[in-house]
Amino acid sequence: MAAVLVFGGLNALRVLGASLASAMLSEILAGRLFQKKAHLEDGNTVLIGILLGLILPVNLASWKIILAGFVSVFLAKEIFGGTGAYLFNPALVGFGFLMLCFPQFSYQNLLIVTNPWAFKIFAGTLLLGGLTLMGQKLIAWEIPVFYLLPFWGLDFLLHGQNQITILLNVSLLAAFYFLADSAALPMSRTGKRLFAVFSGLLGALLGLVQPGAQAICFSLLVLNAATPWLDGCFKPKIAANL
């Protein structure tokens, strides 16, 4: 996130700041209304705010950013039971809400940059963070691989090398960070692998009819909806033996 702020300047600070503030205040509001403690210390809401800010358009009005943060945390997370209980990734729900309500906005987010040095630093930072998550066993190594290879392969066939380059940072964010959210993924290892493969393929296919970053996010939401079906078809070994 530091690299985004350095190269993105005040506008990046505005987008990320509004997204974070809205997410955290929505958590506090939910705690008051539902008479439960707000667990900001677990970092889940902060992560939602950061991920949401990274995929939102850089020129989006501040009130729309705040609205997206509220939808992400209050509606998509807290209404569904809080951390670990939701079906859809909260940050993606907030983004999807804006897509439906304001389809005319630009999809030039903080990770799609024209500065070659900024692009390389963003990619390196995302990759390093992803490898750190893998090293800490927070995401299995095959999940990013099973996502990126189908996505890059099909995207290359459909759109060429240039599209892959433009969407490199967004695809890395999806592979290492959105797919690290175990609450919105199938429980079994096979289910997770299929989720990764099909979301990668769908993201590339949807790129034929809508902007690439939007296609990636929407494909993940579609596979979130398919998670209960994948859980029913591929049960974890312990559950299957009960």
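Anything mentioned here points back to the structure above.
Here is a short report on the structure shown in this document. Predicted, not measured: the structure shown is a model, and the values here were computed from it.

About the cut-offs
- Residues numbered from 1 in each chain as written.
- Predicted model: local features only at pLDDT ≥ 70, side-chain atom pairs only at ≥ 80, totals over all residues.
- Heavy atoms only, no water.
- Helix = DSSP H or I, 4+ residues; strand = E, 2+ residues; numbered from the N terminus.
- Buried < 20%, exposed > 50% of the residue type's maximum accessible area, 1.4 Å probe, protein only.
- Contact = heavy atoms within 4.5 Å.
- Core = buried A, V, L, I, M, F, W, Y, C linked by side-chain atoms within 4.5 Å.
- Polar contact = N/O pair within 3.5 Å; in protein donor to acceptor, adjacent residues only side chain to side chain.
- Axes fitted to C-alpha atoms, helices over the stretch in contact; angles between N-to-C directions.
- Parallel < 35°, antiparallel > 145°, perpendicular 65-115°, else oblique.
- Nonpolar A, V, L, I, M, F, W, Y, C, P; charged D, E, K, R; others polar.
- Salt bridge = Lys/Arg side-chain N within 4 Å of Asp/Glu carboxyl O.

**Focus: the environment of alanine 175**
Position of alanine 175 among the secondary structure elements: in helix H8 (residues 168-176). On the basis of relative accessible area, alanine 175 is assigned to the buried category, the value being 0%. In this structure the C-alpha to C-alpha distance between alanine 175 and alanine 196, which are 21 residues apart in sequence, comes to 8.0 Å. Beyond its immediate stretch of four places on either side in the chain, alanine 175 contacts Ile139, Pro144, Tyr147 and Leu148.

**Some points on the nonpolar core**
By size, the foremost hydrophobic cluster in this structure holds 57 residues, and its most contacted members are Leu56, Tyr147, Leu173, Phe178, Leu179 and Leu220. With residues near it in sequence (within four places) discarded, leucine 179 still touches Ile139, Ile143, Tyr147, Ala174, Leu185, Phe195, Ala196 and Leu220.

**Topic: the side chain of serine 72**
Within the element layout of this structure, serine 72 appears in helix H3 (residues 62-78). Given a relative accessible area of 0%, serine 72 falls into the buried group. Engagement of the side chain of serine 72 in a polar contact is seen with the backbone nitrogen of glycine 94, the distance being 3.5 Å. Residues in contact with serine 72, not counting those within four places in the same chain, are Ile48, Leu52, Lys77, Pro90, Ala91 and Gly94.

**Considerations on the packing of helix H5 (residues 116-135) against H8**
It is at 10 Å that the axes of H5 and H8 come closest, and there the two elements cross at 10°. As the angle between them shows, H5 and H8 are arranged roughly parallel. In this structure, H5 uses Phe119, Phe122, Ala123, Leu126, Leu127, Gly130, Leu133 and Met134 to contact H8, whose residues at the interface are Leu168, Asn169, Leu172, Leu173 and Phe176. Of the residues that constitute the contact of H5 with H8, the class distribution is eleven nonpolar, two polar and no charged.

**Considering the pattern of salt bridges**
Using the criterion set out here, one finds five salt bridges in the structure. Lysine 77 is the salt-bridge partner of glutamate 78, the closest N and O atoms lying 3.8 Å from each other. Lysine 77 carries the same exposure label as glutamate 78, and that label is buried. Its salt-bridge partner being glutamate 142, residue arginine 193 comes within 3.5 Å of it at the nearest N-O pair. Of this pair, arginine 193 sits in helix H9 (residues 189-206) while glutamate 142 sits in helix H6 (residues 142-159), and the two are 51 residues apart along the sequence. Classification of arginine 193 as partly exposed rests on a relative accessible area of 30%.

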